Amino acid sequence: MSLRIATWNINSVRLRLGHLKDFTESHKPDVLCLQETKVQNSEFPENDIKSMGYETVLFHGQKSYNGVAILCRKEVKSHDRKIWCDKDDCRHLSVTLDNDVEVHNFYVPSGGAVPDPEQNDKFAHKLQFLKEMTDWVSDSAIKNKNIVLVGDLNVAPLENDVWNHKKIQKSVGHTPLECELMAKLKVAGELTDVGRHFVPEDQPLYSWWGYRYKPAFAKNYGWRLDHILTTKSLKSSLEHFEVIKDTRGWEKPSDHVPNIVDLNL
């Protein structure tokens, strides 16, 4: 059985509904996890998305900020969401598929501009969020499940996950502290970093090109902020991985692009 899972920080699902339709038609993910949907539940375009061929459409959002959604071609066994850092700011959703694979969709806080938790509450929130995720995946009851953890984790943890490691290592998203927390997360859960399973660490791998510097995409000034991680039981099922860079060149694009993994279960 093949299973295609995609993750995409769409940066407003209503604004980019046309992009979503084009992507789902061209790449046909069985499960698509979205982050930064930026819409409260009452205004989520559920029917529009169901018309794209998704039987199960789950969402957890708030007005203008954050928000996650999971779209599935088939019905799911169950779904859930966790509250992290005692703050229900719509950053997690999960589903259990009919084959008992669990898909967890995360949107980790970006952390603001100042990489100091004492000066910057947003950065402190981000660090706490990553620590709570690490505690969660370290539980043997989680590690022994078939879990695919995806999302915008807002950390580019390796040197070649950013376009200029020396220049960027003091910037939020690539500080040594954040990179260390990501490393601990992977070790604690015995997780496979799917992107680096397929693309060696000495090669550049990016999923985000910022808006502030307009030529960023053309010059490939990218960061790898979006991730797919799997528990060890799924490592042998990994078949294909791809970053869909083309979407960053579409009209009024999200600054993130989709990541896809194919599993042969």
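Before going into details, it helps to say that this report is about the structure given with it.

Conventions used here
- Residues numbered from 1 in each chain as written.
- Predicted model: local features only at pLDDT ≥ 70, side-chain atom pairs only at ≥ 80, totals over all residues.
- Heavy atoms only, no water.
- Helix = DSSP H or I, 4+ residues; strand = E, 2+ residues; numbered from the N terminus.
- Rg over C-alpha atoms; globule rule 2.2 N^0.38 Å.
- Buried < 20%, exposed > 50% of the residue type's maximum accessible area, 1.4 Å probe, protein only.
- Areas by Shrake-Rupley, 256 points an atom, 1.4 Å probe, with all protein chains shown as cover.
- Lys, Arg positive; Asp, Glu negative; His and termini not counted.
- Charge placed at Lys NZ, Arg CZ, Asp CG, Glu CD.
- Pairing = 2+ DSSP bridges.
- Salt bridge = Lys/Arg side-chain N within 4 Å of Asp/Glu carboxyl O.
- Contact = heavy atoms within 4.5 Å.
- Axes fitted to C-alpha atoms, helices over the stretch in contact; angles between N-to-C directions.

### Quick word on the overall build of the protein
- Along its length, the protein carries seven helices and twelve strands.
- The C-alpha atoms of the protein give a radius of gyration of 17 Å, which matches the 18 Å a tight globule of 265 residues would have.
- Structurally, the protein occupies a C-alpha span of about 45 × 45 × 35 Å along its principal axes.
- When each of the 265 residues of the protein is scored for burial, the buried share is 55%.
- When the accessible surface of the protein is totalled, it reaches about 12,100 Å², and 46% of it is carbon and sulfur.
- One finds the centroid of the 35 positive side-chain charges in the protein at a distance of 5 Å from the centroid of its 38 negative side-chain charges.

### Observations concerning the pairing of strand β8 (residues 147-152)
- Within β8, six of the six residues are buried, which leaves the element mostly enclosed by the surrounding structure.
- Relative to β8, strand β7 (residues 102-107) runs parallel, the two being bridged by six bridges. Bridge pairing in β8 places V103 opposite V148.
- Pairing geometry for β8 and strand β10 (residues 226-230), over five bridges, is antiparallel. Its bridge partner being in β10, G151 is matched across the sheet by H227.

### A look at the pattern of salt bridges
- Following the criterion strictly, the structure yields 17 salt bridges and no others.
- The network of salt bridges with common partners includes D161, K186, D193, R196 and R224.

### Digging into the environment of M1
- With respect to the element layout, M1 can be found in the segment before β1 (2-9).
- Separated by 263 residues in the primary sequence, M1 and N264 have C-alpha atoms spaced 5.7 Å apart.

### Comments concerning the sheet that holds strand β6 (residues 92-96)
- Taken together, six strands build an open sheet; the order of strands is β5-β6-β7-β8-β10-β9 and the sheet is mixed. Edge positions in the sheet fall to β5 (78-80) and β9 (192-193), since each has one partner strand and no second.
- Helix α3 (residues 121-138) contacts β7 and β8 of the sheet and is inclined by roughly 165° relative to β7.

### Observations regarding the pairing of β7
- Of all six residues that make up β7, six are buried, and the element is covered over most of its length.
- Here β7 shows two buried faces, one formed by E102, H104 and F106 and the other by V103, N105 and Y107.
- In this sheet, β7 lies alongside β6 in antiparallel orientation, the contact comprising five bridges. In the sheet register, V95 faces β7, and the bridge partner there is V103.
- In this structure, the hairpin formed by β6 and β7 is closed by a connection of five residues, where D100 is found at a positive phi of approximately 70°.

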